[in-house]
Amino acid sequence: RRIAFLKGHGEATPDATGAEGPAKSIQNLVQDLRGLNWQLETIDLYDKKAKAPSPDQVAVLVIAGPERALAGEEAAKVNEYLNAGGKVLLLLSSR
């Protein structure tokens, strides 16, 4: 199984760079997860061909500081993942 980071809404992703703030926090998290041998990936659920991740394949869907709302179809895919037993880590900024 792997950990998937949602992209497409200004979220921090595993390849984020920056010396401070959310990018630095995500860098630290990614380093720790890779140290524990987790496979990381980014996914884009906006594509019409994109399917909801499977909880059998994706242990956690990380939504790290989205700056824009998910489109209705994306939210439906996240809900489908949750309803199938998936887990979401939602990180929000106070900005």
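Heads up: these notes are all about the structure in this document. Quantities reported herein were computed from a predicted structural model and do not represent experimental measurements. (Residues numbered from 1 in each chain as written. Predicted model: local features only at pLDDT ≥ 70, side-chain atom pairs only at ≥ 80, totals over all residues. Heavy atoms only, no water.)

## Concerning the pattern of salt bridges
Close approach of charged atoms allows side chains of opposite charge to pair.
Next, step 1: Per the stated rule, a full pass over the model turns up two salt bridges.
Next, step 2: Between Glu41 and Arg2 there is a salt bridge, with the nearest N and O atoms lying 2.9 Å from each other. Residue Glu41 is located in strand β2 (residues 39–43), and its partner Arg2 is located in strand β1 (residues 2–6); the two are separated by 39 residues in the primary sequence.
Next, step 3: Taking relative accessible area as the criterion, Glu41 reaches 24% and is therefore assigned partly exposed.
Next, step 4: Using a relative accessible area of 22% as the deciding quantity, one classes Arg2 as partly exposed. (Salt bridge = Lys/Arg side-chain N within 4 Å of Asp/Glu carboxyl O. Helix = DSSP H or I, 4+ residues; strand = E, 2+ residues; numbered from the N terminus. Buried < 20%, exposed > 50% of the residue type's maximum accessible area, 1.4 Å probe, protein only.)

## Regarding helix α2 (residues 72–83)
Next, step 1: The end-to-end C-alpha distance of α2 is 16 Å, a good match for the 16 Å that twelve residues give at a rise of 1.5 Å each.
Next, step 2: Every buried residue of α2 is listed here: Glu74, Lys77, Val78 and Tyr81. Burial along α2 is one-sided: seen end-on, the buried residues are contained in an arc of 100°. The exposed set on the far side of α2, more than 90 degrees from its buried face, consists of Gly72 and Asn83.
Next, step 3: Where α2 is buried, its residues meet β3 (58–64) and β4 (88–91).
Next, step 4: Phi turns positive, to about 105°, at Gly85, one or two residues after α2. (Expected span 1.5 Å × (residues − 1). Arc of directions from axis to C-beta. Contact = heavy atoms within 4.5 Å.)

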